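# Tertiary structure, described
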Amino acid sequence: MTTRTVIRGGLVITASDEIHADVLIEDGRIAALATSGTPAAEAFTADRTIDATGKYVIPGGVDAHTHMELPFGGTFASDTFETGTRAAAWGGTTTIIDFAVQSVGHSLREGIDAWHAKAEGNCAVDYGFHMIVSDVNQETLKEMDLLIEEGVTSFKQFMAYPGVFYSDDGQILRAMQRSAENGGLIMMHAENGIAIDVLVEQALARGETDPRYHGEVRKALLEAEATHRAIKLAQVAGAPLYVVHVSATEAVAELARARDEGLPVFGETCPQYLFLSTDNLAEPDFEGAKYVCSTPLRPKEHQAALWRGLRTNDLQVVSTDHCPFCFVGQKELGRGDFSKIPNGLPGVENRMDLLHQAVLDGHISRRRWIEIACASPARMFGLYPKKGTIAPGADADVVIYDPHAEQVMSAETHHMNVDYSAYEGKRVTGRVETVLSRGEPVITEREYTGHAGHGVYTPRSTCQYLN
Ligand code: URP
Ligand code: ZN
Ligand code: ZN
Ligand code: ZN
C-alpha cells in the first residue's frame, strides 16, 4: 500500500530555486512538486496533509562533520548516536556523516566495524561514515579501496595531534596518491601539530595554563602553513582535497589561491568560527574551556574572511564538527593545563538556525543557506540527489521551517547531551517546526515523534563536486 503525504502552501527553497509549491511524498520519496493553487497541485491526494502556509519547505540538513562518542583526551564525546542524531533532528538535520576512527596499530576494518556497532539501531536520522586514517601503511592503503566499495568514500588525515591521529607528509602523500586512483577524497585537519606542540610546551613552562592560551599557541600562520602544504601535496598526487574546519583568514587565502589556479581544492568552515571568537576563549573562571576546539576560535576579524569565502565559493560547506564534552567532569580535565582540555564544541542542533540567522543578517542568501548546509555537503560526499534537495526521486527528508519564530539558544532547552550551550542566550529568528526523514515524521510541530533505529546507514558514492 502506498502512503502519501502532501505539504501544501510553503515556500520550497533549494540551492537553485525558491518556488511556492506543494510537495507530494510517496513511500518516503519526493514524488512530485506543483505550483500551489494550480490544478496540478490540487490533484495531489494524500493520507496526510501538512499545512506549510507562511513557512519554508527545505531539504533536511546534511551535517558532514560529527563526532558522536569520539574517544579524545582520555574521555568520550558526550553524545551517543542516539542522543546526537535526535538532537540533529530537532535542529533540522536529517543526515550526519560521522568519523570512524582507525587507531594506530589497528586496521581500518576494525575502526569502521566499531562505528557501525555504535550507530546501528540507535539513530533517529540517516548516517554515513568518513574514515579517520591514523596509520598509513600498505595494508591500510588497500583497505581504502575496499571501504570505498562499502560507501565510505572519504578519509580524514591529521597534520596535528602528533602521537595520536597525526600523519607525516609521506603518509599523507601516499594516501593522496591512493585517493587519486580510487576516487576517494582526503579531508585534512590542517594545522602544523609538530610546531604547535613546541609552542604548547613553551607556554606551559611560562605558566600560561588558561584556556585562552589554546588559541594563542595554535596560530593562524600554522593553519595557513599546513593548508598550503596539504594543497601542494594534493597537487603532487593529482588528488582533490577537502580542508575541514577552516578558521583563519590566511587559510582561506591559501584555498582561494589554489582554486584560482584551477585546483580541485575545497573548504569547510563551522558555525563556531562564524559566530564565536577568542573573546569566548578568554572568558574567566575557566569558562573559556567550553570553547576549546581545534582549529581554535580566532579573533573576530577572521569572521569576515569566512563569510566572504562562503559567498565567493572558496568555502563550499558549513558543517558543525559537533564534538561535545560536558563542562563538568570533561572540559574540567584541563584545569591548570589547557592542553588537557578535550577539544570540541557541541552544535549539531544549532547549525541550520545559525545559518538562517546569517541570511537575516545579510551574510548569505536563502538559497546559499541551503546550498552550504544541504546540497553542497551532499554533493561533496556522494549523497546527492538522494539527500540535499527537494526534487522528484529524492528521499523525503524535508523540514518545515518557521522563518519568523524567535528562539533563545540554551542548554536548558537544547537536546544535545551536554551541560552547556556554546550559544547560551543567543537570540535567533527562525525555528524548525516539523521534520520528515524518508517521509516519516521525526519532529511534528515541535514534538519528537521519531525513534532510535529509524535512521539507517547510507552508503555514499565518490565526490560529485568535481563534475
Ligand atoms: O576540536 C575538535 N575539532 N575536535 C574534534 C576532532 C577534530 O579535529 O575534528
Ligand atoms: Zn580536525
Ligand atoms: Zn572534527
Ligand atoms: Zn521509523
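Everything numeric here is computed off the predicted structure, so don't read it as measured data.

## Let's talk about the overall build of the protein chain
Each helix and strand counted, the protein chain has 14 helices and 18 strands in total. Computed over C-alpha atoms, the radius of gyration of the protein chain comes to 21 Å, within 12% of the 23 Å expected from 2.2 N^0.38 for 467 residues, which places it in the range of a compact globule. For the protein chain, the C-alpha atoms occupy an extent of roughly 70 × 50 × 40 Å along the three principal directions. For the protein chain, with 467 residues in total, the buried portion stands at 56%. Residue pairs in contact within the protein chain that sit at least 24 positions apart in sequence constitute 75% of those at least 6 positions apart.

## Points about the site of ligand 1
Taken together, the residues surrounding ligand 1 are His67, His189, His245, Cys293, Ser294, Asp321, Cys323, Asn343 and Gly344. Across the shell around ligand 1, the residue classes break down as two nonpolar, six polar and one charged.

## Side note on unusual backbone geometry
Here the residue pair serine 294 and threonine 295 is connected by a cis peptide bond, since its omega of -5 degrees sits within 30 degrees of zero. Position of threonine 295 relative to the elements: it lies in the loop between helix 11 (278-281) and helix 12 (302-312). With an omega of 0 degrees, the peptide bond running from tyrosine 384 to proline 385 counts as cis. Secondary-structure assignment places proline 385 in the loop between helix 14 (366-380) and strand 16 (398-408). A positive phi angle is found at aspartate 285, which is not glycine, with a value near 60 degrees.

## A closer look at the sheet that holds strand 9 (residues 93-101)
Hydrogen bonding along the main chain pairs the strands of a sheet, whether they run parallel or antiparallel. The parallel open sheet is built from eight strands, whose spatial order is 6-9-10-11-12-13-14-15. A strand with exactly one partner marks an edge of an open sheet, and here the two such strands are strand 6 (61-66) and strand 15 (317-318). The pairing of strand 6 with strand 9 spans four bridges and is parallel. When the sheet's bridge partners are listed, glycine 61 is paired in strand 9 with threonine 93. Docked against the sheet, helix 2 (residues 81-90) engages strand 6, strand 9 and strand 10 (126-132), running at close to 150 degrees with respect to strand 9.

## Describing the packing of helix 3 (residues 108-119) against helix 4 (residues 138-149)
Two numbers describe how helix 3 lies on helix 4: the axes approach to 9 Å, and their chain directions differ by 40 degrees. Classed by the angle they form, the pair helix 3 and helix 4 counts as oblique. For the pair helix 3 and helix 4, contact is made by Leu108, Arg109 and Ile112 and by Thr140, Glu143 and Leu147, respectively. Residue composition of the contact of helix 3 with helix 4, grouped by class: three nonpolar, one polar and two charged.

## Examining the UniProt feature "modified residue: N6-carboxylysine" (unreviewed entry) in the protein chain
Under the local residue numbering, the UniProt record ascribes the feature "modified residue: N6-carboxylysine" (unreviewed entry) to Lys156. Relative to the helices and strands, lysine 156 is located in strand 11 (residues 154-158). Given 23 C-beta atoms within 10 Å, lysine 156 falls into the buried group. What lysine 156 contacts, discounting residues up to four positions off in sequence, is Phe99, His130, Ile132, Val133, Met187, His189 and Val244.

## Points about helix 6 (residues 193-205)
Since the α-helix packs 3.6 residues into each turn, any two residues three or four apart lie on the same face. Taking 1.5 Å of rise per residue, the 13 residues of helix 6 would be expected to cover 18 Å, and the 18 Å separating its terminal C-alpha atoms lies within 8% of that figure. All buried positions along helix 6 are accounted for by Gly193, Ile196 and Val200. Across the axial projection of helix 6, the buried residues extend over an arc of 50 degrees, all falling on one side. In helix 6, those exposed residues whose orientation departs by more than 90 degrees from the buried face are Val198, Glu201, Gln202 and Ala205. Buried residues belonging to helix 6 abut helix 7 (212-217) and helix 8 (220-237). Of the residues trailing helix 6, glycine 207 is marked for its positive phi of about 85 degrees.

## Considering helix 12
Those residues of helix 12 that sit buried are His302, Ala305, Leu306, Gly309 and Leu310. On an axial view of helix 12, the arc spanned by its buried residues comes to 140 degrees, and they lie on one face. Residues of helix 12 that are exposed and point over 90 degrees away from its buried face: Ala304 and Thr312. Looking at the buried positions of helix 12, the neighbouring elements they touch are helix 9 (249-260), strand 14 (265-269), helix 10 (271-275) and helix 14.

Rules and cut-offs
Residues numbered from 1 in each chain as written. Chains lettered and ligands numbered in written order. Predicted model: local features only at pLDDT ≥ 70, side-chain atom pairs only at ≥ 80, totals over all residues. Helix = DSSP H or I, 4+ residues; strand = E, 2+ residues; numbered from the N terminus. Rg over C-alpha atoms; globule rule 2.2 N^0.38 Å. Buried ≥ 20, exposed ≤ 12 C-beta atoms within 10 Å, placed from the backbone. Contact = placed C-beta atoms within 7 Å. Near = placed C-beta within 6 Å. Nonpolar A, V, L, I, M, F, W, Y, C, P; charged D, E, K, R; others polar. Pairing = 2+ DSSP bridges. Axes fitted to C-alpha atoms, helices over the stretch in contact; angles between N-to-C directions. Parallel < 35°, antiparallel > 145°, perpendicular 65-115°, else oblique. UniProt positions renumbered as here; feature names shortened; annotations may be inferred. Expected span 1.5 Å × (residues − 1). Arc of directions from axis to C-beta.

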